[in-house]
Amino acid sequence: MTAPKASKPVFEEPLHVGRPNIGDRAQFLARINDMLDRRWLTNNGQYVRAFEQRIAEMVGVKHCIATCNATIGLEIAVRALGLEGEVIIPSFTFVATAHVLQWQGITPVFADINRHTHNLDPERVEALITPRTTGILGVHVWGRPCAIDLLTDIARRHRLHLLFDAAHAFACSHKGQMIGSFGDAEVFSFHATKFFNTFEGGAIATNDDDLANRIRLMRNFGFAGMDNVVEVGTNGKMSEFAAAMGLTNLDSLDAFIAANRRNYFAYQQIMDDLPGIAMITLDESERNNYQYVVVKIDQERAGLSRDELFQILHAENVLARRYFWPGCHRMEPYRTLDPDAGEHLPETERLSERVLVLPTGTSVTPTDIATIGAILRDAIGQARGAHRASPNR
């Protein structure tokens, strides 16, 4: 006897969180052909320089240093700032934020987050400062700015460096000022999964002349001119291919954001009618990239856990993500170094068990979103119905 065939998923092709947005192909290929004709593929070529200038102008900073990726960008910024000892960061972030410190022999100290903003809780940050603390590394989660003013005050009073992981926050603002212009420096990610990508890439933004000079040296092995190495460095350079993609996608930036914004409001209309699902909202008085559609699941009201909804969506080829489960403190090597860290991170643990991130971007249509809404509505309806019918209720 053969097992019954599983039903086909609703979506024939998987819907991804962070499927790459692609700008004008003809324009991109024209840049590639020009690059190949000139045979200048890397090492601070004209496309990288033009890209850096455009980002600096857009963000409103004196310096933009393009890097091969944001992780290397963070590593260089951390080293250029001279961070050592302990640096306070959230656990509710992509693990690279912690790894860039651990990789350089710096202890990441995990502070809890604010329940409402999902960013570092300034009170918890200040409580964790010790004589070994040299910096604070905040993360603008979902593109919503950290408590920048409060963290800046804490850093100033305790004479600490302040660095921001702005991987989510390109083209976002805080009090009308663009993200990228705060702290000692901010680091953007232009990975393929971000709404704006350079295939793979990143950038460090700063208004500090001396810091920018040191970062540029470190990005290129410490070379200050031909055969003159004056600093320990690495190879963190962005290629001309990546910069050409970046310049092309900058020309389509408004269209990418408009597609994200359309999808954000389409999802919001659906989620408002679903019991037990609350969508994270953005401040419409600020500039937003609408890059992430984030929902929190209340299991008691929805009748389903976040992980059960995750499985249901994946079975239908909706590849939702559980950012940032289970939290950096529950990943290696951090869970071995501090097995009890979760006791001090109740909001981080609570949120990481409830959050789902849903597909958006230019490859996701309003029809797709309506179908995702129907999947969620059906799943919640069945779960709540079964719960009401349960004799053990």
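What counts, and where the lines are drawn
- Residues numbered from 1 in each chain as written.
- Predicted model: local features only at pLDDT ≥ 70, side-chain atom pairs only at ≥ 80, totals over all residues.
- Heavy atoms only, no water.
- Helix = DSSP H or I, 4+ residues; strand = E, 2+ residues; numbered from the N terminus.
- Contact = heavy atoms within 4.5 Å.
- Buried < 20%, exposed > 50% of the residue type's maximum accessible area, 1.4 Å probe, protein only.
- Arc of directions from axis to C-beta.
- Salt bridge = Lys/Arg side-chain N within 4 Å of Asp/Glu carboxyl O.
- Patch = residues over 30% accessible without salt bridge, like charges linked within 9 Å, V, L, I, M, F, W, Y side chains within 5 Å.
- Areas by Shrake-Rupley, 256 points an atom, 1.4 Å probe, with all protein chains shown as cover.
- Polar contact = N/O pair within 3.5 Å; in protein donor to acceptor, adjacent residues only side chain to side chain.
- Phe/Tyr/Trp six-rings, centres within 6.5 Å; stacked < 30°, edge-to-face > 60°.
- 1 Å grid on protein atoms, 1.4 Å probe; cavity = no way out; pocket = protein on both sides within 12 Å on 5 of 7 lines; lining within 4 Å.
- Points joined across faces, edges and corners; volume = space filled by probe spheres on them.
- Nonpolar A, V, L, I, M, F, W, Y, C, P; charged D, E, K, R; others polar.
- Pairing = 2+ DSSP bridges.
- Axes fitted to C-alpha atoms, helices over the stretch in contact; angles between N-to-C directions.

**Student:** It is not clear to me how the environment of Phe164 should be interpreted in this structure. Could you clarify?
**Tutor:** With respect to the helices, strands and loops of the structure, Phe164 is situated in strand S6 (residues 161-165). C-alpha of Phe164 to C-alpha of Ser363: the two residues are 199 residues apart in sequence and 30 Å apart in space. Excluding anything up to four places from it in sequence, Phe164 contacts Leu137, Gly138, His140, Cys146, Ile148, Leu151, Phe182, Gly183, Ala185, Glu186 and Val187.

**Student:** So what exactly am I meant to see when it comes to helix H11 (residues 306-315) here?
**Tutor:** Residues that lie three or four places apart on an α-helix share one face, since the helix turns once every 3.6 residues. Listed in full, the buried residues belonging to H11 are Arg306, Leu309, Phe310 and Leu313. Summarising the axial view, the buried residues of H11 lie within an arc of 105°, below the 170-degree limit, and thus occupy one face. Phi turns positive, to about 70°, at Asn317, one or two residues after H11.

**Student:** Just to check I follow, could you spell out the pattern of salt bridges for this structure?
**Tutor:** Pairs may arise between side chains of opposite charge once their charged atoms sit close together. All told, the structure shown has 19 salt bridges when counted by the stated rule. Residue Arg38 pairs with Asp34 through a salt bridge whose shortest N-O separation is 3.1 Å. With Arg38 and Asp34 both in helix H1 (residues 25-38) and four residues apart, this pair spans about one turn of that helix. When its relative accessible area of 31% is taken as the criterion, Arg38 is described as partly exposed. Assessed through its relative accessible area of 26%, Asp34 is described here as partly exposed.

**Student:** Teacher, can you tell me more about a nonpolar patch on the surface here?
**Tutor:** Residues Leu36, Leu41, Phe199 and Phe241 make up a contiguous nonpolar surface patch of roughly 320 Å² in combined accessible area. Judged by relative accessible area, Leu41 falls into the partly exposed class, the value being 37%.

**Student:** I'm lost on helix H7 (residues 209-219) in this one. Help?
**Tutor:** Every buried residue of H7 is listed here: Leu211, Ala212, Ile215, Leu217, Met218 and Arg219. At its buried positions, H7 is contacted by helix H2 (46-59), strand S2 (63-67), helix H3 (70-80), strand S9 (185-189) and strand S10 (202-206). The residue sitting at the N-terminus of H7 and contributing the capping side-chain oxygen is Asp208; that oxygen lies 3.0 Å from the backbone nitrogen of Asp210.

**Student:** I keep staring at the packing of aromatic side chains and nothing clicks. Help me out?
**Tutor:** The geometry of an aromatic ring pair is captured by two quantities: the separation of the ring centres and the angle between the planes. Applying the stated criterion across every chain yields a total of 19 aromatic pairs. With a centroid separation of 5.7 Å and 85° between ring planes, the pair formed by Phe51 and Phe190 is classed as edge-to-face. Of this pair, Phe51 sits in helix H2 while Phe190 sits in the loop between S9 and S10; the two residues are 139 residues apart in sequence, bridging distant segments of the chain. Taking the relative accessible area as the measure of exposure, Phe51 reaches 0% and is therefore buried. Classification of Phe190 as buried rests on a relative accessible area of 0%.

**Student:** What am I meant to see in the layout of surface pockets here?
**Tutor:** A water-sized probe, rolled over the atoms, reveals where empty space remains. Of the voids in this model, the largest pocket is the one considered here, and its volume is about 660 Å³. Taken together, 29 residues line the largest pocket, and the ones lying closest to its centre are Phe94, Val95, Lys194, Tyr323 and Phe324. Put simply, the parts of the chain that give the lining of the largest pocket at least two residues each are H3 and helix H4 (96-102). Class assignment of the residues belonging to the lining of the largest pocket gives a composition of 14 nonpolar, ten polar and five charged.

**Student:** Would you mind going over the sheet that holds S2 with me for this structure?
**Tutor:** Backbone hydrogen bonds are what pair the strands of a sheet, in a parallel or an antiparallel way. Read across the sheet, seven strands follow the order S2-S10-S9-S6-S5-S3-S4 without closing on themselves; strand pairing throughout is mixed. Because the sheet does not close on itself, it has two edges, and the strands there are S2 and strand S4 (107-111). On average, each strand axis in the sheet is tilted by 25° relative to the strand beside it, whichever way the strands run. Taken together, the five bridges between strand S5 (residues 133-139) and S6 define a ladder with parallel strand orientation. Bridge pairing links Val139 to Asp165 in S6.

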